[in-house]
Amino acid sequence: MILMFYLGWVTKPEWISNIDESPYHVIQEVNPANKEEYKILKFNGAKIKKDFELVTRVKRLEDDENKIKVIEFNMEGKKYLGDVLDSIPFGILNKNRTGVGATTLEIEAKRNSIIVCPNKSLAYSKSKSRPDGLLQYVGSPIGDITSSTSPKDIEDYIDEINQKISDGEDVYKKFLVVADSLHKVYEVIATKKKSLESYFLLVDEVDMIQSDATYRPKLEDVIDYYLEHPTQSRCLVSATLKGFSNPQLAGIDIIHAEFSSPKARNITSITSSCPDITAAKQILSTTRDSSQKVMIAYNSISCIKNIIELLKQEGGDEISGKIAVLCGMYGRKEVGEYYIELKGNRLPKQITFITSAYFVGVDIDEDFHLISVANTQKTQSLLSIEKIFQIAGRCRK
């Protein structure tokens with residue numbers, strides 16, 4: 001059964017009602033003249049911005065005491081979540097589209113936040129998104145950060161923000177945390193004997209945690225922290241949400257952001273018995289007579305090295321200076337001189353290869369030609385629809 005709430009403005013609001021069916025919490029305004037007309041004011045802690053009409057659907061389980069199964073809200077005509085909401089709702093948010101500003105919304109929310117990012121490039125770039133320096137990066141060295149974040153760094157930051165609050169400034173503690181370093185923030189908060197309820201925990205791009213936990217075991221710890229965190233102060237977010245095997249997650253409330261019109265993309269599909277050679281030809285044809293940048297998504301270091309050699313054979317050694325490889329630490333030694341860490345929102349070279357470490361949670365604010373490669377001889381390189389969707393979503397322009 002689906003209940004649709006039409007969110008038209010009521011001229012003289014007289015009734016405010018609550019739907020408190022744990023773990024869902026909806027505050028709505030009912031038109032006393034027509035009880036079938038509702039206006040949702042707030043759901044799962046997220047307040048809908050004034051004068052915004054938001055069509056919301058509440059799906060219920062008919063075979064489970066008619067309990068709420070999922071809440072959906074339509075983002076028709078809006079690009080960013082911040083256009084609609086004042087903060088991220090608690091629970092599990094399926095945003096259904098990349099680049100809708102979930103992390104930015106939580107950064108701007110008027111509350112303390114611990115924002116867990118899937119990789120340090122995203123955590124670092126987001127921490128530099130505000131000029132006031134009030135966002136704290138927690139992770140290993142990158143960019144102008146020359147050492148790993150220490151417990152003392154976290155303590156000093158908390159003390160700094162507390163002092164600003166004492167001085168009357170309207171500021172909040174905002175941690176941008178690499179998943180592997182989340183434990184540091186929790187340990188300091190525990191040492192200071194502060195309540196975790198005073199921090200909203202946002203785990204961004206949780207699907208990457210699901211897919212990469214096999215070779216990054218600490219990623220699983222993030223889910224443990226999430227489950228221990230206060231229920232109404234936590235959210236898992238993804239644009240390509242998968243099912244959860246953990247039974248504790250399977251029962252958590254889900255909220256869907258719905259977009260009526262999909263993004264238009266011009267896609268060419270090429271089938272080849274020699275994908276590395278075909279990819280090299282595509283790269284050369286795109287870059288030979290222009291400054292057009294190319295990003296190649298290929299989850300195989302050995303194949304990337306093979307393509308680089310093919311490019312050098314065709315384009316000469318001078319092409320080496322135009323190539324970069326963005327990959328995890330495990331591939332750093334293998335790619336040698338081509339290894340680069342992404343420290344900003346632009347591709348570092350004209351020809352940039354990325355492995356799965358960069359398929360999710362990276363913002364590239366410039367145009368580029370995208371080549372995604374799936375090689376049946378390299379099973380780790382095979383691409384699901386969800387991965388293709390995420391890879392294409394790296395372009396935020």
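Look a little higher up for the structure.
In this report, the structure presented in the accompanying data block is examined. Positions within a chain are numbered from 1, following the residues in the order the chain's sequence is written. pLDDT decides what is reported in this predicted model: residues at 70 or higher carry local features, side-chain atom pairs at 80 or more are listed and counted, and totals for whole chains, interfaces and linings draw on all residues regardless. Heavy atoms from the whole structure form the basis of all side-chain values; hydrogens and water molecules are not counted.

### A word on the overall build of the protein chain
Selection criterion: To qualify as a helix, a DSSP run of H or I must reach at least 4 residues; to qualify as a strand, a run of E must reach at least 2; elements of each kind are numbered from the N terminus. Each residue is assigned to one of three classes by its accessible area relative to the maximum for its type, calculated with a 1.4 Å probe on protein chains only: buried under 20%, partly exposed between the two thresholds, exposed over 50%. Note on definitions: a residue-residue contact is assigned when non-hydrogen atoms from the two residues lie within 4.5 Å. Computed by Shrake-Rupley with a 1.4 Å probe, the accessible areas treat only the displayed protein chains as cover when residues are assessed.
When its secondary structure is counted, the protein chain shows 11 helices and 18 strands. Out of the 397 residues belonging to the protein chain, those deemed buried represent 49%. For the protein chain, the share of sequence-separated contacts (at least 6 apart) that also reach a separation of at least 24 residues comes to 66%. Summing over all exposed atoms, the protein chain offers an accessible surface of approximately 19,500 Å²; the carbon and sulfur share of this is 48%.

### Some words on the sheet that holds strand S17 (residues 351–354)
Counted only if it meets this: Here, a strand pair is defined by DSSP locating no fewer than two bridges between the strands. Fitted lines through C-alpha atoms serve as axes, helices being fitted only where they are in contact, and the angles separating the N-to-C directions of these axes extend from 0 to 180 degrees.
If you trace the 4 strands from one edge of the open sheet to the other, you get S16-S17-S15-S18, paired in parallel fashion. Where the open sheet ends on each side, the last strands, each with one partner, are strand S16 (323–326) and strand S18 (369–372). Averaged over neighbouring strand pairs, the angle between their axes works out to 20° when direction is ignored. Helix H9 (residues 301–315) contacts S16 and S17 of the sheet and is inclined by roughly 165° relative to S17.

### Points about the pairing of S16
Burial along S16 is two-sided: Ile323 and Val325 facing one way and Ala324 and Leu326 facing the other are all buried. Sheet topology note: the S16/S17 ladder contains 4 bridges and is parallel. Bridge pairing in S17 places isoleucine 323 opposite isoleucine 351.

### Observations concerning the environment of cysteine 117
Looking at where cysteine 117 falls in the secondary structure, it is placed in strand S9 (residues 112–117). Counting along the chain gives 60 residues from cysteine 117 to valine 177, while the straight-line C-alpha distance between them is 5.9 Å. Non-local contacts of cysteine 117, meaning those with residues more than four positions away in its chain, are made with Leu122, Ala123, Leu176, Val177, Val178 and Ala179.

### Examining the packing of helix H8 (residues 275–287) against H9
As a reminder, the rule being used: Roughly parallel means an angle under 35 degrees; roughly antiparallel means over 145; roughly perpendicular covers 65 to 115; every other angle is labelled oblique. Two helices that cross are described as forming a left-handed crossing if the nearer one is turned anticlockwise from the farther one by less than a right angle, and a right-handed crossing if clockwise. Residue polarity is assigned by list, with Asp, Glu, Lys and Arg as charged and Ala, Val, Leu, Ile, Met, Phe, Trp, Tyr, Cys and Pro as nonpolar; anything else, Gly included, falls into the polar class.
One can describe the packing of H8 onto H9 by two numbers: an axis separation of 9 Å at closest approach and a directional angle of 50°. Put simply, H8 runs oblique to H9. With respect to the hand of their crossing, H8 and H9 are arranged in right-handed fashion. Counting all contacts with H8, which are made through Asp276, Ile277, Ala279, Ala280, Ile283 and Leu284, the residues of H9 involved are Cys303, Asn306, Ile307, Leu310, Leu311 and Glu314. Taken together, the residues that form the contact of H8 with H9 break down as 9 nonpolar, 1 polar and 2 charged.

### Remarks on the packing of helix H3 (residues 151–166) against helix H4 (residues 182–191)
For the pair H3 and H4, interaxial distance at closest approach is 9 Å and the crossing angle is 55°. The angle between the axes of H3 and H4 places the two elements in the oblique class. Like other packed secondary-structure pairs, H3 and H4 cross with a definite hand, here right-handed. Residues Pro151, Ile154, Glu155 and Ile158 of H3 pack against Lys184, Val185 and Val188 of H4.

### Things to note about the nonpolar core
Worth spelling out the cut-off: What makes a nonpolar core is a set of buried Ala, Val, Leu, Ile, Met, Phe, Trp, Tyr and Cys residues whose side-chain atoms join them at distances within 4.5 Å.
One finds Phe43, Phe73, Leu81, Leu85, Ile88 and Leu93 to be the most contacted residues of the largest nonpolar core, which totals 35 residues. In this view, leucine 93 contacts Phe73, Leu81, Ile88, Cys235, Leu236, Val237, Ser238 and Ile255; residues no more than four positions away in its chain are not counted. Counting residues in hydrophobic clusters, the runner-up holds 32 residues, among them Tyr157, Leu201, Tyr225 and Ile252.

### What to know about the environment of isoleucine 283
Locating isoleucine 283 in the fold gives a position in helix H8. Beyond its immediate sequence surroundings of up to four residues, isoleucine 283 is in contact with Val294, Ile296, Ile307, Leu311, Ile351, Phe353 and Ile371.

### Re H8
Heads up, the condition is: By this rule the span expected of a helix is its residue count minus one, scaled by 1.5 Å.
Helix length check: H8, at 13 residues, gives a terminal C-alpha distance of 18 Å against a target of 18 Å (1.5 Å per residue), a fit within 8%. Taken as a whole, H8 has its buried residues at Pro275, Asp276, Thr278, Ala279, Ala280, Ile283, Leu284, Thr286 and Thr287. For H8, the secondary structure elements touched by its buried residues are strand S15 (294–297), H9, S17 and S18.

### A word on unusual backbone geometry
Look at asparagine 44: it is not a glycine, yet its phi comes out positive at around 45°. Structurally, asparagine 44 is set in the loop between strand S4 (34–43) and strand S5 (46–47). Asparagine 44 gets classed as buried once you look at its relative accessible area, which sits at 1%. Positive phi values are uncommon outside glycine, yet asparagine 96 reaches one of about 60°. Summarising the element assignment, asparagine 96 is placed in the loop between strand S8 (91–94) and helix H1 (102–108).

### Considering the side chain of asparagine 112
What counts here: Polar contacts, as used here, are pairs of N or O atoms within 3.5 Å; protein pairs need one atom able to donate a hydrogen and one able to accept it. Residues neighboring in sequence count only if both atoms are side-chain atoms.
The residue asparagine 112 is located in strand S9 in this model. For asparagine 112, a relative accessible area of 13% gives the class buried. At 2.9 Å, the side chain of asparagine 112 forms a polar contact with the backbone nitrogen of lysine 173. A distance of 3.2 Å separates a polar side-chain atom of asparagine 112 from the backbone oxygen of serine 198. Sequence-distant contacts of asparagine 112, that is, excluding residues within four places in its chain, are made with Tyr172, Lys173, Ser198, Tyr199 and Phe200.

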